[in-house]
Amino acid sequence: MSGPAVLDHRSLNRATLARQLLLRRAAIGPEEALERLVGLQAQTTHTWYLGLWSRLAGFSAEAVSALLGSGAAVRMSLMRSTLHLVNTEDALWLRPLVQPVHERGYRATYGRQTAGLDPAEVEKAGRAALAEGPLTFSELGRRLAEHGRSAGWGERDPQALAQWVRVLAPLVQVPPRGQWGRSGRAAHTPIESWPGRTPAADPPLERLVLRYLAAFGPASVLDVQKWCGLTRLGEVVDALRPRLAVFRAEDGRELFDLPGAPRPDSDTPAPVRFLYEFDNLRWSYADLGRLVAVDLRDHGFGARNGVDPGLVLIDGFAAAGWRIAVRQRSAVLTVRPFRRLAPEEESDLRAEAAGVLAFSTPAATERAIEVAPPTGR
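The rules behind each value
Residues numbered from 1 in each chain as written. Predicted model: local features only at pLDDT ≥ 70, side-chain atom pairs only at ≥ 80, totals over all residues. Heavy atoms only, no water. Helix = DSSP H or I, 4+ residues; strand = E, 2+ residues; numbered from the N terminus. Buried < 20%, exposed > 50% of the residue type's maximum accessible area, 1.4 Å probe, protein only. Polar contact = N/O pair within 3.5 Å; in protein donor to acceptor, adjacent residues only side chain to side chain. Contact = heavy atoms within 4.5 Å. Expected span 1.5 Å × (residues − 1). Arc of directions from axis to C-beta. Pairing = 2+ DSSP bridges. Axes fitted to C-alpha atoms, helices over the stretch in contact; angles between N-to-C directions.

Participant: Could you give an account of the side chain of His 102, naming the residues involved and the relevant values?
Facilitator: Tracing the backbone shows His 102 in helix α6 (residues 99-110). Judged by relative accessible area, which is 1%, His 102 ranks as buried. Within polar-contact distance, the side chain of His 102 engages the backbone oxygen of Val 98 at 3.0 Å. Ignoring any residue separated from it by four or fewer positions in sequence, one finds His 102 in contact with Ser 77, Leu 78, Ser 81, Arg 95, Arg 166 and Val 167.

Dropping the structure here:
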């Protein structure tokens, strides 16, 4: 009896690109795209818009901005305790499921500062402060610290108090923050206040795993855990096993997928695509071999106190880093290849870079593209 079929790196790559709408731009709207992708990592105010521009035909940033403005989509802390843009319907069941991730991260960072306090009292005080209107974390922390002095909490770190409310009472970052062409304070309010919805009481973990596989599969249990930040999901995947397709990676790892999900041929053409610096593809796999065949640390990635460049995919794999520098009304997009590019590769890269630059810097009157010497062989 033969075992599971083996998927090589290129097969995994093409399956991943198909799920992520990166083999061809999809003729769908942003709301459907966010559902397929299970949202976008979105801790910056605007660079994540490029994630949808790279994936959708006829993309309209204003349409995404309208989703935020209407409350159909929200930016809130979700997977990996990181700010994401998701459809509100997904936020309502995702946020309760990743609550343990938020609690674990909070204890590791702030646990000592709030030791001995009753979580219910802190949440109540936080919700009371936010009932008057959305607040930044600095504002919320100051109010909680003032309340704590009269409530017998003693002197407590305002930031630790505000971040605890972020964990205890699921908060969303309210518009106009994050809307295209607009700016605003990084103010937060409970999701029950904006957009006025109540999180699900007991959503099933199986739903999280299945949605991940639809967007990122085929994948291992460790991949699912890397994406969401949860642990011990092996039992959940085992319970789903009769409903899943099972494969092996070249190194023997067991991979799971939805039976009817797209898995294109490994020789399917893949266009040049620019991924923004926090694109989920970079952060959603325990093993990045399906996308990255080099050690990114050798090419300017992994700086301790900085933000990594974005990645450029050529033939589906990471082949360069990129950044945009803006000075007054001039914008320069610099690409640093990991290897020497063939003439046709550089031509395709420059064509895509021109679109990236025009979309990302609409106010610029002068734009330039620079391809630096390779950082590797």
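Participant: Which residues make up α6, and what values do they have?
Facilitator: Between the first and last C-alpha of α6 there are 16 Å, a value that for 12 residues agrees with the 16 Å anticipated at 1.5 Å per step. Buried within α6 are the following residues: Gln 99, Val 101, His 102, Tyr 106 and Tyr 110. Looking down the long axis of α6, one finds its buried residues gathered within 155° of arc, a one-sided arrangement. Exposed residues pointing more than 90 degrees away from the buried face of α6 are listed as Arg 107 and Ala 108. Residues of α6 that are buried make contact with β3 (73-77), α5 (88-97), α9 (158-168) and α11 (221-228).

Participant: Which residues make up the sheet that holds strand β9 (residues 273-275), and what are the values?
Facilitator: With respect to topology, 5 strands assemble into an open sheet ordered β9-β10-β11-β12-β13, the strand pairing being mixed. Two strands bound the open sheet, and with one partner strand each, they are β9 and β13 (366-371). Across the sheet, the mean angle separating the axes of adjacent strands is 25° when strand polarity is ignored. Where strand β10 (residues 310-314) and strand β11 (residues 317-327) come together, 5 bridges link them in antiparallel fashion. Paired with Gly 310 across the bridge in β11 is Trp 322. Sheet strands in contact with helix α14 (residues 343-360) are β9, β10, β11, β12 (330-337) and β13, and its direction is about 145° off that of β13.

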